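Each chain, written out:
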Amino acid sequence: MRPVTPRSVAVIGAGAGGLVAARELLREGHKVVVFEREDKVGGTWVYNPVIESDPLGIDPSRKVVHSSLYASLRTNLPREVMGFREYPFVATNKTQRDPRRFPGHREVLEYLNDYVSEFGLNELVRFGTEVSHVGLVENGKWKVSSRIREDRVDEIYDAVVVCNGHYTEPRIAEIPGIDVWPGKQIHSHNYRVPEPFRDQVVILIGSSASAKDISRDISVVAKEVHIACRSIKDGTLGKLPGHDNMWLCSMIESVHEDGTVVFQDGTAVCADVILHCTGYKYHFPFLDTGGIVAVDDNRVGPLYKHIFPPFLSPCLSFVGLPFKVVPFPLLEFQSKWIAGVLSGRLALPSPEEMLEDVEAFYLRLEASGVPKRYTHNIVDYQFEYNDWLAAECGCPPVEEWRKEMFSETAKNILGGRPETYRDEWDDHHLVLQAHEDFGKYLS
Ligand code: FAD
């Protein structure tokens, strides 16, 4: 189908989100430029052994390293669930590839490189080009200023799609007494390998997938690893079964000049390092909307369906804000919708109606006691969200096998196999269904 109105679109970032946005915009007939400050596509999936000058990642003058990957990282989703719907993430028999269902991070980067080659996206990307400012000009268009080394370029675009990722700007735990505590602090953004923690007593804060991986990684060389979590099930505090140097602890109450860390249950240890696995903040240092879109306590808003600011739509949009999701298929649905809306093939409600929808959403969150900072945590309704987008775009909903495989994996992680779920599973029947389905997209 021919687009109603092809537009010139600036896509910021060439991670998974920017790449799928570029593909969908191109398919719809738009003219696309992808700005990427690094010299490779892949964003998060480009492992960088370098760590930032400030290991906590909060010094604004530090040279930012984009990716938060650690060397040992394997995906926490099976490849069948993780991949784009229209470009399945299947094992290939090319040399140097990782055929495992939960492959290492290099395999994901290779997959994204294959995606770029398959759809001819490389020529759309301006590498080494950082977007420094995006601001509204007349007629609803946007001025995009970018830097290649010392040169600054200003250009006008009909629309901007923001795909800059949200796992780079660390969020740090507030700890009473931290200013006088003599130990080292680091955020997981700057964790790469366990060696620096050899023979150390480490306090790791957090309970995310990365926190679990990193604590196990470190426990092989560290003297002791104490994992401090906010929410702990009754009776689970204490030594972790199967490990002789790992403990689950309550949250940190305070830290002291003599190196002691005191936990909320009154226990204490003398520690060398505090490792914050405490997540990330949304950060759009280049975006100037005159206050129409703001980040408030990690809520980016107001945004209709986590994508369009009602009064700047459709010419400004955000891809990839929801978290605790299966990212790639979600990025794909969001991008299809944006591309169709921009061409005028798909319609949005009026700005007033969109704002009303957003406000009603915020009220529902508040009424259910969901803190503002979890606005984009859609773990409980990610597939309904994708199905809604699919319906808007006239696509089939999320595959049943994908939903079931996702919940089988979650059960495997939380249930019997938290440490071995990447290599042991029972959902072989779903793998067969997935591969039957992939036949539609694989030539
Ligand atoms: P990113 O991949 O972060 O890409 C953003 C891009 O924007 C980068 O290339 C960056 O250089 C560029 N950029 C930023 N600012 C500018 C600017 N001003 N100008 C120009 N370019 C700019 N997902 C899974 O599906 N499975 C997993 O197992 C998994 N594990 C993960 C483990 C970790 C430790 C982390 C941090 C994330 C993990 N994820 C996982 C989520 C992962 O982030 C997403 O899969 C996906 O990579 C997000 O893509 P993105 O394009 O939104 O962001």
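Predicted, not measured: the structure shown is a model, and the values here were computed from it.

Visitor: Looking at this structure, how should I read the packing of helix 8 (residues 400-414) against helix 9 (residues 428-438)?
Guide: Pairs of packed helices are described in terms of their axes, by the angle between the two and the distance that separates them. The contact between helix 8 and helix 9 brings their axes to 10 Å, and the two run at 145°. Note that helix 8 runs across helix 9; the crossing there is left-handed. Contacts between helix 8 and helix 9 involve Trp401, Glu404, Met405 and Glu408 on the former and, on the latter, Leu430, Val431, Gln433, Ala434, Asp437 and Phe438. Its residues assigned to classes, the contact of helix 8 with helix 9 shows six nonpolar, one polar and three charged.

Visitor: In this structure, what is going on with the site of the ligand? I would like to understand it.
Guide: Taken together, 32 residues are adjacent to the ligand, and Gly17, Glu36, Thr44, His66 and Asn76 come closest. Contact distances for the ligand include 3.2 Å between a nitrogen atom and a backbone N or O atom of arginine 37. Within the contact set of the ligand, a nitrogen atom lies 2.9 Å away from a backbone nitrogen or oxygen of valine 131. Surface burial for the ligand is 94%, taken as the share of its 990 Å² of free accessible area covered by protein chains. Counting only elements with at least two residues in the shell around the ligand, the list comes to helix 1 (16-27), strand 4 (129-136) and helix 5 (327-343). Sort the elements by how many residues they give to the shell around the ligand and strand 4 lands first, with three residues.

Visitor: Mind showing me how you'd approach the side chain of histidine 66 here?
Guide: With respect to the helices and strands, the residue histidine 66 is situated in the loop between strand 2 (31-35) and helix 2 (79-82). Classification of histidine 66 by relative accessible area gives buried; the value is 16%. Every residue in contact with histidine 66, bar those within four places of it in the chain, is listed here: Arg37, Glu38, Gly43, Thr44, Asn164, Tyr167, Thr168 and His189.

Visitor: Whenever I open this one, a negative patch on the surface confuses me. Can you help?
Guide: There is a patch of like negative charges on the surface, built from Glu352, Glu353, Glu356 and Glu359. With a relative accessible area of 44%, glutamate 359 lands in the partly exposed category.

Visitor: Got a minute to help me understand the sheet that holds strand 16 (residues 268-270) in this structure?
Guide: Note on sheets: strands pair through backbone hydrogen bonds, and any given pair is parallel or antiparallel. Read from one edge to the other, the open sheet built from three strands follows the order 14-15-16, with strand pairing classed as antiparallel. Only two strands of the sheet have a single neighbouring strand rather than two, namely strand 14 (252-255) and strand 16. Across the sheet, the axes of successive neighbouring strands diverge by a mean angle of 20°, strand direction being ignored. Pairing of strand 15 (residues 260-263) with strand 16 involves three bridges; the strand directions are antiparallel. Bridge pairing in strand 16 places valine 262 opposite alanine 268.

Visitor: Looking at this structure, I do not really get the pairing of strand 7 (residues 159-162). What am I missing?
Guide: In strand 7, alternate side chains face the same way, and those of Ala159 and Val161 on one face and Val160 and Val162 on the other are all buried. In this sheet, strand 7 lies alongside strand 1 (residues 8-12) in parallel orientation, the contact comprising four bridges. Of the residues in strand 7, the one forming a bridge with isoleucine 12 is valine 162. Across three bridges, the pairing between strand 7 and strand 22 (residues 316-318) is parallel. Bridging from a neighbouring strand, valine 160 pairs with leucine 316 of strand 22.

Visitor: Would you mind showing me how to read helix 6 (residues 351-367) here?
Guide: Residues three or four positions apart in an α-helix share a direction because the helix packs 3.6 residues into each turn. With 17 residues, helix 6 should cover 24 Å at 1.5 Å per step; its first-to-last C-alpha distance of 24 Å lies within 8% of that length. Buried within helix 6 we find Met354, Val358, Phe361, Tyr362 and Leu365. In an axial view of helix 6, the angular spread of the buried residues amounts to 95°, which keeps them on one side of the axis. Looking at helix 6, the residues exposed on the side facing more than 90 degrees away from the buried face are Glu356, Leu363, Arg364, Glu366 and Ala367. Looking at the buried positions of helix 6, the neighbouring elements they touch are strand 21 (299-301). Trailing helix 6 by a residue or two, glycine 369 shows a phi angle of about 75°, which is positive.

Visitor: In this structure, what is going on with the packing of helix 1 against helix 3 (residues 105-118)? I would like to understand it.
Guide: Where helix 1 contacts helix 3, the axes come no closer than 11 Å and their chain directions differ by 20°. Classified by the angle between their axes, helix 1 and helix 3 sit roughly parallel to one another. Crossing handedness for the pair helix 1 and helix 3: left-handed. Contacts between helix 1 and helix 3 involve Ala16, Leu19, Val20 and Arg23 on the former and, on the latter, Leu112, Tyr115 and Val116. Looking at the contact of helix 1 with helix 3, its residues break down into six nonpolar, no polar and one charged.

Calculation criteria
Residues numbered from 1 in each chain as written. Predicted model: local features only at pLDDT ≥ 70, side-chain atom pairs only at ≥ 80, totals over all residues. Heavy atoms only, no water. Axes fitted to C-alpha atoms, helices over the stretch in contact; angles between N-to-C directions. Helix = DSSP H or I, 4+ residues; strand = E, 2+ residues; numbered from the N terminus. Left-handed = near helix turned anticlockwise from the far one by under 90°. Contact = heavy atoms within 4.5 Å. Nonpolar A, V, L, I, M, F, W, Y, C, P; charged D, E, K, R; others polar. Near = heavy atom within 4 Å. Polar contact = N/O pair within 3.5 Å; in protein donor to acceptor, adjacent residues only side chain to side chain. Areas by Shrake-Rupley, 256 points an atom, 1.4 Å probe, with all protein chains shown as cover. Buried < 20%, exposed > 50% of the residue type's maximum accessible area, 1.4 Å probe, protein only. Patch = residues over 30% accessible without salt bridge, like charges linked within 9 Å, V, L, I, M, F, W, Y side chains within 5 Å. Salt bridge = Lys/Arg side-chain N within 4 Å of Asp/Glu carboxyl O. Lys, Arg positive; Asp, Glu negative; His and termini not counted. Charge placed at Lys NZ, Arg CZ, Asp CG, Glu CD. Pairing = 2+ DSSP bridges. Expected span 1.5 Å × (residues − 1). Arc of directions from axis to C-beta. Parallel < 35°, antiparallel > 145°, perpendicular 65-115°, else oblique.

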